[in-house]
Amino acid sequence: MTMTESDLARWAGQFFPEFGNVPSKVISPKLEPPGAQPPGVPAWDTARVPARKSILERYRADFPILSEKVDGRDLVWFDNAATTQRPRQVIERVKYFYEHENSNIHRGAHTLAARATDAYEDARKKTADFVGSGNADDIVFVRGTTEGINLVAQSYVKPLLSPGDEIILTILEHHANIVPWQMLAASKGAFLRVAPCDDSGQIILSEYERLFNRNTKFVSASHVSNALGTVAPIAEMIAIAHRYGVPVCVDGAQSISHIPVDVTALDADFFVFSGHKIYGPTGIGAVYGKPELWELAEPWQGGGNMIKDVTFERTIYQQAPLKFEAGTGNIADAVGLGAALDYVSGIGITNIYAWEHELLEYAARELKRVPGLRLIGTAADKTSVISFVIDGYSVQSVGELLSRRGIAVRAGHHCAQPALRRFGLEGTVRPSLAFYNTPEEVDKMIRELYTL
C-alpha cells in the first residue's frame, strides 16, 4: 500500500506527543504482503512531512555515536537487538554520578552515601513504575537478563524441583534462557519440555498447553524472539500456566524497549531485562518478581548488604530486594538505567512502538523485493527484528559487505541455534531496528543488497 501525504501527516500526530494524543491501545502488528509500488520507491518517506523529519533528527541528535564514521561512511546502526546506543542524557547522568555522588550505598552515614543511596533507590522505583509494578521492593538489580534468569533458576525454582519434575521452554529461546535451565535440570534430575512454533515462527499455543502435566513446575519464555522478532502470545501463555498452578518467568530482553510492558496486567511471576537493550548502560539489568515469590526464594549469593545479622552460627537475611543483592552492586549504571527509562518515558513507549512498527513493515516489504532474499520469521505479531538469507551467499559475506558500507547488522546464529535450526538454518542476517533508525537507512541497506 502506498502512503499518501495526508496519511503521513495524520500518523505523525500519533507517533510523537508534539503532534497530539497517543493511541491508548497498541494494536498487534500485522505484516502486509508487498504492495504494487515499484522497487526503489520508498513508501515511508520522512522528507514528505518536514515536521516529522525534524523531530526524528532532534532525537537522533541525542545519540553521539550516530554521528560516527565507519571507514569514511555514516554509521547505520541496525544491531539494536544486540545492544542499543546511549543518549547523551544517560551518558551525562553516569558522569554526574561519578563526579558528585560516588559512594557505596546503604551503609555510610555521610552525605555522599546518602546521595548515592537515594540515586540508586530512585532508579529502582523508576524501574518498578516502568514495568507496571509500582512497588520498588519487587525489583532486584542484576548484571543483565542472563544473570537474572540464573537468579530465578537458582533462588526460586531449584528449591521446588524433585527428580522427574519438568520445566517448559519454547523453541524460540535465546541460549541464556536455555542453558541455565539445562544446568538446573541436570543437577536435580528434572527435564525440559519445549513448545514448538509454526512455519511463521509463532508459538503454537495448543501444543504449548499440551506440555503441562502434574510434573510441570515452571515456565520460562521469551516475550520477543531475538532471532525472528516474533512477539509471543505471552499473556495467553501465562494464563494457561496459571490454570495449572505453574509460575512463569518472562524474558523481556527484546520487548522492554519496543512494546509496552505491564507485569501486573500480564500477571507475570517474574520479568527480566537488561539495561543495555533499552538505551542504558551495560552491566545492569533488573528482575521483577511477585513479593510472595521473593519471600519463598532463597539467596543464591552470600556477602555484605544482603544480611541483617551474622554470627558464626547463623545468618539472618534482609528482605527482598536486598536479600538478592550481595556485595557492592553496579551503582552508577543502575542510576544510568533510571535515566534511560526517564528518556524512553519522555518519548512514550507507544510512540516508539508505532514508529518502529511502521519502519519494520516498510523494511520487510522492500526486502522481499531483493532477488533471492528470503525472510525467516513472518509471524503476524512481530517487532523490530528482521532475519533473512540470500540464495548463493553466506550470511557472513552479506554481513561483511554491509559492514564495509558502514551498516552494522548481526550475521550468525544470534545465540538462538534451536530456533534457527527449526527453519533448517545455522544463521541469518539480522538487521534490528530502534526508534532512531530511518527509512533512508533502510533504503541504503537495500541498495547495497542489490549489488550482490
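The shown structure was predicted, so the numbers you read here are calculated from the model rather than taken from an experiment.

Can you lay out helix H3 (residues 88–100) for me, pointing to particular residues and giving the numbers?
The terminal C-alpha atoms of H3 lie 18 Å apart, and with 13 residues this matches the ideal 18 Å at 1.5 Å per residue to within 8%. If you check which residues of H3 are buried, you get Val 90, Val 94 and Phe 97. One face of H3 carries all of its buried residues, which in axial projection span an arc of 55 degrees.

Explain the pattern of salt bridges to me, and be specific about the residues and the numbers.
Close approach of charged atoms lets side chains of opposite charge pair. This structure, assessed with the given rule, holds 23 salt bridges. Residues Lys 125 and Asp 129 are paired through a salt bridge, measuring 2.8 Å at the closest nitrogen-oxygen approach. Residue Lys 125 and its partner Asp 129 are located together in helix H4 (residues 111–130), separated by 4 residues, close to a single helical turn. Accessibility expressed as a relative area gives 41% for Asp 129, which makes it partly exposed. Salt-bridge contacts for Glu 426 lead to Arg 421; the nearest nitrogen and oxygen are separated by 2.9 Å. Owing to a relative accessible area of 46%, Arg 421 belongs among the partly exposed residues under this scheme. Through salt bridges with shared partners, one network takes in Asp 79, Arg 410 and Arg 430.

Give a detailed account of the sheet that holds strand E7 (residues 216–222), specifying residues and quantitative values.
Here 7 strands make up an open sheet; going across it, the order is E4-E10-E9-E8-E7-E5-E6 and the pairing mixed. Looking along the sheet, the strands with just one partner apiece sit at the ends: strand E4 (139–142) and strand E6 (191–195). In this sheet, neighbouring strand axes are inclined to one another by 20 degrees on average, regardless of whether the strands run parallel or antiparallel. Across 5 bridges, the pairing between strand E9 (residues 270–274) and strand E10 (residues 285–289) is antiparallel. Along E10, the bridge assignment pairs Ser 274 with Gly 285. Running over the sheet, helix H5 (residues 145–157) touches E4, strand E5 (166–170), E7, strand E8 (248–251), E9 and E10 and is turned about 155 degrees from E9. Where helix H6 (residues 179–188) meets the sheet, it contacts E5, E6 and E7, and its direction lies at approximately 145 degrees from that of E6.

Hey, could you go over the pairing of strand E14 (residues 387–390) for me, with residue numbers and the actual values?
Of the two faces of E14, the one carrying Ser 387 and Val 389 and the one carrying Phe 388 and Ile 390 are both buried. Bridge count for strand E13 (residues 373–376) against E14 is 4 bridges, and the pairing is antiparallel. Residue pairing for E14: Leu 373 is matched across the bridge by Ile 390.

Describe the packing of aromatic side chains, with residues and values.
Counted by the stated rule, this structure contains 20 aromatic pairs. The interplanar angle of 75 degrees and the centroid separation of 5.4 Å between the aromatic rings of Phe 270 and Trp 294 together place this pair among those described as edge-to-face. Within this pair, whereas Phe 270 is found in strand E9, its partner Trp 294 is found in helix H10 (residues 291–296), the two being separated by 24 residues in sequence. Here Trp 294 falls in the buried class, since its relative accessible area comes to 2%. Ring plane angle 70 degrees and centroid distance 5.9 Å describe the contact between Tyr 279 and Tyr 436, whose orientation is recorded as edge-to-face. Remark: Tyr 436 occurs in the loop between strand E17 (428–430) and helix H15 (439–449) and Tyr 279 occurs in the loop between E9 and E10; sequence separation between them is 157 residues. Relative accessible area serves as the criterion here: at 0%, Tyr 279 is assigned to the buried category. Here the aromatic cluster, defined as three or more aromatic residues joined through ring pairs, consists of Tyr 59, Phe 63, Tyr 279, Tyr 343, Phe 435 and Tyr 436. In this arrangement the basic side chain of Arg 58 is found over the ring face of Tyr 59, its NZ or CZ atom lying 5.2 Å from the centre. In this structure, Arg 422 is placed above the aromatic ring of Phe 423, and the distance from its NZ or CZ to the ring centre is 5.1 Å.

Describe helix H12 (residues 349–367), and please don't skip the residues or the numbers.
In this model H12 runs 26 Å from its N-terminal to its C-terminal C-alpha over 19 residues, within 8% of the 27 Å that 1.5 Å per residue would give. Burial analysis of H12 places 18 of its 19 residues in the buried class, which makes it a mostly covered element.

Tell me about the nonpolar core, and please be specific about residues and values.
Side chains that are nonpolar tend, in soluble globular proteins, to be buried together. Grouped together as the largest cluster of nonpolar side chains are 101 residues, with contacts concentrated most on Tyr 208, Phe 435 and Leu 449. Setting aside chain neighbours within four positions, we find Tyr 208 in contact with Ile 168, Ala 195, Ile 203, Val 219, Met 237, Ile 240 and Ala 241. Residues Phe 270, Val 272, Val 287 and Ala 297 belong to the second largest nonpolar core, which totals 25 residues.

Give a description of the side chain of Asp 443 that names residues and reports values.
You can see Asp 443 is positioned in helix H15. No salt bridge is formed by the buried Asp 443. Its closest oppositely charged neighbour is Arg 447, at 5.1 Å. In this structure the side chain of Asp 443 is engaged in a polar contact, spanning 2.4 Å, whose partner is the side chain of Tyr 362.

Go over the packing of helix H13 (residues 395–404) against H15 with me, naming the residues and quoting the values.
Contact pair H13 / H15: the axes reach a minimum separation of 10 Å and the direction vectors enclose 125 degrees. In terms of orientation, H13 and H15 fall into the oblique class. By crossing handedness, the relation of H13 to H15 is classed as right-handed. Residues Val 398, Leu 401 and Leu 402 of H13 form the contact with H15, whose participating residues are Met 445, Glu 448 and Leu 449.

Here is what the cut-offs are and how they apply
- Sequence order as written defines residue numbering, which begins from 1 separately in each chain.
- Residue-level local features of this predicted model are given only where pLDDT is at least 70; pairs of side-chain atoms are given and counted only at 80 or more, and the full residue set underlies all totals for whole chains, interfaces and linings.
- Calculated side-chain values reflect all of the structure's heavy atoms, with hydrogen atoms and water omitted.
- By definition, any uninterrupted DSSP run of H or I lasting at least four residues is a helix, any uninterrupted run of E lasting at least two residues is a strand, and each is numbered from the N terminus.
- A helix's residues, less one, multiplied by 1.5 Å, set its expected span.
- Buried residues are those whose accessible area, probed at 1.4 Å on protein chains only, stays under 20% of the maximum for their type, while exposed residues exceed 50% and partly exposed ones sit between those limits.
- By arc we mean the arc of the directions from the helix axis to the C-beta atoms, nothing more.
- One side-chain nitrogen of Lys or Arg within 4 Å of one carboxyl oxygen of Asp or Glu is enough to make a salt bridge.
- Strands are treated as partners if at least two bridges between them are detected by DSSP.
- Axes, fitted as lines to C-alpha atoms, cover a helix only where it is in contact. Angles between the N-to-C directions of the axes lie from 0 to 180 degrees.
- Whether two residues are in contact is decided by their heavy atoms: any pair within 4.5 Å suffices.
- In this scheme Phe, Tyr and Trp rings, the latter by its six-membered ring, pair at centre separations within 6.5 Å, and the angle between planes marks the pair as stacked below 30 degrees, edge-to-face above 60, and tilted otherwise.
- Geometrically, a lysine NZ or arginine CZ counts as sitting over a ring once it is within 6 Å of the ring centre and also within 35 degrees of the ring normal.
- Grouping buried Ala, Val, Leu, Ile, Met, Phe, Trp, Tyr and Cys residues that are joined through side-chain atoms within 4.5 Å yields what is termed a nonpolar core.
- Asp and Glu count as negative and Lys and Arg as positive, but His and the ends of the chain are not part of the count.
- Side-chain atoms alone can form a polar contact between residues adjacent in sequence; in general such a contact is a pair of N or O atoms within 3.5 Å, and within protein one must be able to donate a hydrogen while the other accepts it.
- For this classification, under 35 degrees means roughly parallel, over 145 means roughly antiparallel, 65 to 115 means roughly perpendicular, and everything else is oblique.
- A crossing counts as left-handed when the near helix is turned anticlockwise from the far one by less than a right angle, and as right-handed when that turn is clockwise.

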